[in-house]
Amino acid sequence: MPLIMVFWVNLHGGFLVGFILNGICILGNLVEYVRMSGEDRNILRQKMIDLFSVTLFCVLVCLINPYGWHILIFPFQLISQDFMINYIGEFQSPNFHTVLLSFFKYSVLLSITLIALSKNRLKPYALISILVFLSMSLTSVRHVPLFCIIVFPILLGLVRPMIENPNSKIGIFFHTRSARCRQTDAQAKGALWPVIVVILVITAAGSERLTHGFDPELKPMNAMAFINSEDIPGNMFNEYETGDFIIYSTWPRYKVFIDGRADMYGEDHLKAYDTVIKAKQGWQDIIEKHDITWMMVNPSSPISSLLWEMPGWHLIYADKVSHVYVRNIRNNQRLVEKYQNIVPVDTRTDELTAAVSL
């Protein structure tokens, strides 16, 4: 666990989950310790001492990071920032009206049903795990995958007695299926089918039947090609949703104003982004503060509509996904003169690119 935490704390802000798991195990053992007596109490006491020692060691190894002890308080600082929590979708509660999250809803209902019908009682650590991660998932949608990872092995423990009972209908069904699978594996020499699948995938990839890439109707692929070809100078302002793609496409040539790691930028920077993208009062002060000389924004954003009307800004590229504006300053005169007649693309049409007149 300490070795995992060394990597975890340097790779993702969710390293706090490691301490949550340790805490659940300690609390679960404490509940059992109170309920039991005799030699079992001594065993549980030693377990808790060992778990506490491992947790303390995890805290120490987490200090091996560029920010030192500050990283330990970062998750608590993040969840205390109401603006960021309410602004970013993954921090908000699940919307059960979406198709994807309806599976989570049914997983919760399945969990309740299995716990109610099972003749076996859950161990304290298992019950605490379900309650803690269910609470986290209902608070923030980003924790739904953690709920599934933690809870389904526990539910499998409740289902296993039903499956292994040879006298029940469910047990007979699974025993029959298992016997047929063993026969199939024996006929296929065990690893034959996986090898065939791997060969088919490699063949399909080599023949270019399998393709991968980004959808130009969703990602600013054409806009990035334009930007790279024109070598736009100065600092950019970009949409929150496209920051990651810009880094992927142009780093280190261009540096983004913001990307999907908004928690790393801090609440104040996210507020500044929100002020500009929604063209709120004071947005020009933020542009001056960060010396922004060009913007790549969504055509439907308020700032895009406002820039089109402002004489101090000039549209040099437009398609259905992105509009690129430059400030009408000396460093951008080449681009202003080169792209005189660019007009915004109406996002309500299917047109993908603007009419460009050079």
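Residues numbered from 1 in each chain as written. Predicted model: local features only at pLDDT ≥ 70, side-chain atom pairs only at ≥ 80, totals over all residues. Heavy atoms only, no water.

Participant: What should I look at first to understand the packing of aromatic side chains in this one?
Facilitator: Two numbers describe a pair of aromatic rings. These are the distance of the centres and the angle of the planes. All chains considered together, the criterion is met by 14 aromatic pairs. Measuring from ring centre to ring centre gives 5.3 Å for Phe173 and Phe174, while their planes differ by 85°; the resulting arrangement is edge-to-face. Here the aromatic rings of Phe214 and Tyr248 are separated by 5.4 Å at their centres, their planes lie at 70°, and the arrangement is edge-to-face. Taken together, the positions of Phe214 in the loop between helix H10 (192-206) and helix H11 (221-230) and Tyr248 in helix H12 (residues 243-250) put the pair 34 residues apart, joining distant regions of the chain. The exposed category is assigned to Tyr248, whose relative accessible area is 61%. Grouping aromatic residues by their ring pairs yields a cluster made of Phe237, Tyr240, Phe257 and Tyr273. Lying across the ring of Tyr33, Arg41 places its NZ or CZ 4.1 Å from the centre. (Phe/Tyr/Trp six-rings, centres within 6.5 Å; stacked < 30°, edge-to-face > 60°. Helix = DSSP H or I, 4+ residues; strand = E, 2+ residues; numbered from the N terminus. Buried < 20%, exposed > 50% of the residue type's maximum accessible area, 1.4 Å probe, protein only. Lys NZ or Arg CZ within 6 Å of the ring centre and 35° of its normal.)

Participant: Whenever I open this one, the nonpolar core confuses me. Can you help?
Facilitator: Most often, soluble globular proteins have nonpolar side chains that are buried together. Formed by 48 residues in total, the largest nonpolar core has its most connected members in Ile227, Ile232, Phe237, Trp294, Met295 and Ile316. Excluding residues that lie within four positions of it along the chain, Ile227 makes contacts with Ile232, Tyr254, Trp294, Met296 and Val324. Within the second largest apolar cluster, 19 residues are counted, among which are Val17, Ile128, Ile130 and Leu158. (Core = buried A, V, L, I, M, F, W, Y, C linked by side-chain atoms within 4.5 Å. Contact = heavy atoms within 4.5 Å.)

Participant: For this particular structure, what's the right way to read H10?
Facilitator: Every α-helical turn comprises 3.6 residues, leaving residues that sit three or four positions apart pointing alike. Across its 15 residues, H10 extends 21 Å between first and last C-alpha, which sits within 8% of the 21 Å expected from 1.5 Å per residue. Among the residues trailing H10, Glu208 stands out with phi positive, at a value near 65°. (Expected span 1.5 Å × (residues − 1).)

Participant: Would you take a moment to explain helix H3 (residues 39-61) for this structure?
Facilitator: Counted at 1.5 Å a residue, the expected span for H3 with its 23 residues is 33 Å, and the 33 Å between its end C-alpha atoms agrees. Along H3, the residues that are buried comprise Leu44, Met48, Thr55, Cys58 and Val61. Looking at the buried positions of H3, the neighbouring elements they touch are helix H1 (2-11) and helix H2 (16-35).

Participant: Would you explain the side chain of Asn238 in this entry?
Facilitator: Within the element layout of this structure, Asn238 appears in strand E1 (residues 235-238). At a separation of 2.7 Å, a polar atom in the side chain of Asn238 contacts the main-chain amide nitrogen of Phe257. Among the polar contacts listed, one links the side chain of Asn238 to the backbone oxygen of Ile258, at a separation of 2.8 Å. The contacts of Asn238, once residues within four sequence positions are left out, are Gly243, Ile246, Val256, Phe257, Ile258, Tyr273 and Met296. (Polar contact = N/O pair within 3.5 Å; in protein donor to acceptor, adjacent residues only side chain to side chain.)

Participant: Can you help me understand the sheet that holds strand E4 (residues 323-327) in this one?
Facilitator: The pairing of strands in a sheet comes from backbone hydrogen bonds and takes either a parallel or an antiparallel form. Spatial strand order, E1-E2-E4-E3: four strands in an open sheet with mixed pairing. Of all strands in the sheet, those bounded by a partner on one side alone are E1 and strand E3 (313-318). Across the sheet, the mean angle from the axis of one strand to that of its neighbour is 25°, orientation sign disregarded. Here E3 runs beside E4; their pairing, made up of five bridges, is antiparallel. Across the sheet, the residue bridging to Ala318 is His323, located in E4. Lying over the sheet, helix H14 (residues 267-277) contacts E1 and strand E2 (292-297), oriented at roughly 80° with respect to E1. (Pairing = 2+ DSSP bridges. Axes fitted to C-alpha atoms, helices over the stretch in contact; angles between N-to-C directions.)

Participant: Is there a simple way to explain the confidence of the model for the protein in this structure?
Facilitator: Close inspection of predicted coordinates is inappropriate for parts of the model with low pLDDT. Across the protein, the average pLDDT comes to 88, with 96% of residues at or above 70. Counting contacts from residues 349-358, a segment whose pLDDT is below 50, to residues more than four positions away or on other chains yields 26 contacts. (pLDDT = per-residue confidence, 0-100.)

Participant: Is there a simple way to explain the pairing of E3 in this structure?
Facilitator: The two faces of the sheet receive side chains in turn, since in a regular strand these alternate between them. Along E3, six of the six residues are buried, which leaves the element largely enclosed by surrounding structure. Counting the residues in the hairpin turn of E3 and E4 gives four residues.

Participant: Sorry if this is basic, but what is going on with the pairing of E4 here?
Facilitator: When you tally the buried positions in E4, you get five out of five residues, the bulk of the element. Burial of E4 is two-sided: the residues His323, Tyr325 and Arg327 facing one way and the residues Val324 and Val326 facing the other way are all buried.

Participant: Would you mind going over unusual backbone geometry with me for this structure?
Facilitator: Leaving glycine out, the prevailing phi sign among residues is negative, and the prevailing peptide bond configuration is trans. Here the amide bond leading from Trp251 into Pro252 is cis, since omega sits at 5°, within 30 degrees of zero. Locating Pro252 in the fold gives a position in the loop between H12 and helix H13 (262-265). The backbone phi angle of Ala279 is positive, close to 55°, even though this residue is not glycine. Following the sequence through the fold, Ala279 ends up in the loop between H14 and helix H15 (283-289). Note on Ala279: relative accessible area 25%, which makes it partly exposed.

Participant: Teacher, can you tell me more about the state of the cysteines here?
Facilitator: Note: disulfide means a covalent bond formed between the sulfur atoms of two cysteine side chains. In this structure the tally under the stated criterion is zero disulfides. You can see Cys148 has no disulfide; the closest cysteine sulfur is in Cys25, sitting 19 Å from it. The exposure class assigned to Cys148 is partly exposed, which follows from its relative accessible area of 26%. (Disulfide = S-S within 2.5 Å.)

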